[in-house]
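A look at the structure
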Amino acid sequence: MTSVADIRDRPRADRSPLTFFALVLALSLPFWVLGATSDAQLMPGLSVSALMTFCPMVAALLLIFRDTKADGVTALLRRSLDFRRIADKRWYIPILLLMPGVSVAVYGLMWWMGSALPAPQWSVVRALAMSLGFFVGALGEELGWSGYALAPMLRHASALRAAVTLGIVGVIWHLVPLILLHRSPTWIAWWCLYAMASRVLIVWLYNNTNGSVFAVSVFHATLNLAYALFPINGSHFDMRSGALVTAFVAAIVTAVWGPATLTRQTHPSVIAS
């Protein structure tokens, strides 16, 4: 049976997630400065500093080129469309529908609590355009977080611990852009829980789709799309409700699939190999 990562994608023994994390932060500094000195936004609520989304991919490619030259770079980039890894097509259900379902649940909770909510307004063309943009941006992150850093972490830790660690790094990485958007401390705190829970779901999907970067990138894109389509451009999204609903789903996933591998398999080494 083919393991999650085939021999070509196995990490080198000296691959260090800490070196990768440090390089991502270093590469992101110019975008943080750009966001701090410019009011430009890529779209409403999305600072120009969000261009840092490609820094994890760039960091991974630089480190892989150092170790394995062009062959390694090509192998990682090919994982952008590694949908053939998704042997059980039923996994497309949570990949495509889980985070939109969370947004629908948040909308329902807000309506039930009496929150003033404008009707959703979006067009098919706009949704498709944003889907493509968010998918490209998600690849910029997941080729690094999932395609490069996750496998060596799974060799030394449970899937849940690896997910929480990546979640913490991702939260720290996003703090500057959130502050530049003048988000309140309370909103940021709830967003941190939302992001951490989402990373648990991403690792869950990664491990159950034979390590498909394409799968988790699509999921990551649906997460951003569902938020952006929430009235109005996500401005009415109740982050507290979103965080609690997502954390609840992540807790169920962890309880049902188990924290060791977040799969039906019992040996973490099978996932990390």
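An account of the accompanying structure is given in this report. Note that this is a predicted model, so its numbers are computed, not measured.

Looking now at the overall build of the protein. Regarding its fold elements, the protein presents nine helices and two strands. Reading the protein from its N terminus to its C terminus gives the helix and strand order α-β-β-α-α-α-α-α-α-α-α. Here the protein has a C-alpha radius of gyration of 18 Å; the compact-globule value for 273 residues is 19 Å, and the two agree. Its C-alpha atoms give the protein principal-axis dimensions of roughly 55 × 45 × 35 Å. Counting across all 273 residues of the protein, residues that qualify as buried make up 51%. A separation threshold of at least 6 residues defines the contact pool for the protein, and within that pool the share at least 24 residues apart is 79%. A total of about 13,100 Å² of accessible surface is found on the protein, and carbon and sulfur atoms cover 70% of it.

Turning our eyes to something else, we now look at the environment of Ser146. In this structure, Ser146 sits in helix α4 (residues 124-154). Of the residues examined, Ser146 reaches a relative accessible area of 2% and is grouped as buried. Apart from the residues within four sequence positions on either side, Ser146 is in contact with Arg199, Ile202, Tyr206 and Val216. A polar atom in the side chain of Ser146 sits 2.6 Å from the side chain of Glu142.

With 79 residues, the main nonpolar core has Phe20, Trp191 and Leu201 as its most contacted residues. Broken down by secondary-structure element, the contributors of at least two residues to this core are α1 (17-37), α2 (55-78), α3 (92-112), α4, α5 (159-180), α6 (185-208), α7 (213-228) and α8 (239-257). If we skip the residues at most four places from it in the chain, Phe20 touches Pro56, Ala59, Ala60, Leu63, Gly144, Trp145, Tyr148 and Ala149.

All right, on to a nonpolar patch on the surface then. Together, Leu109, Trp111, Trp112 and Met113 give the surface a local cluster of nonpolar side chains, amounting to about 540 Å² of exposed area. Following the sequence through the fold, Trp112 ends up in helix α3. By relative accessible area, Trp112 is classed as exposed at 68%.

Calculation notes
Residues numbered from 1 in each chain as written. Predicted model: local features only at pLDDT ≥ 70, side-chain atom pairs only at ≥ 80, totals over all residues. Heavy atoms only, no water. Helix = DSSP H or I, 4+ residues; strand = E, 2+ residues; numbered from the N terminus. Rg over C-alpha atoms; globule rule 2.2 N^0.38 Å. Buried < 20%, exposed > 50% of the residue type's maximum accessible area, 1.4 Å probe, protein only. Contact = heavy atoms within 4.5 Å. Areas by Shrake-Rupley, 256 points an atom, 1.4 Å probe, with all protein chains shown as cover. Polar contact = N/O pair within 3.5 Å; in protein donor to acceptor, adjacent residues only side chain to side chain. Core = buried A, V, L, I, M, F, W, Y, C linked by side-chain atoms within 4.5 Å. Patch = residues over 30% accessible without salt bridge, like charges linked within 9 Å, V, L, I, M, F, W, Y side chains within 5 Å. Salt bridge = Lys/Arg side-chain N within 4 Å of Asp/Glu carboxyl O.

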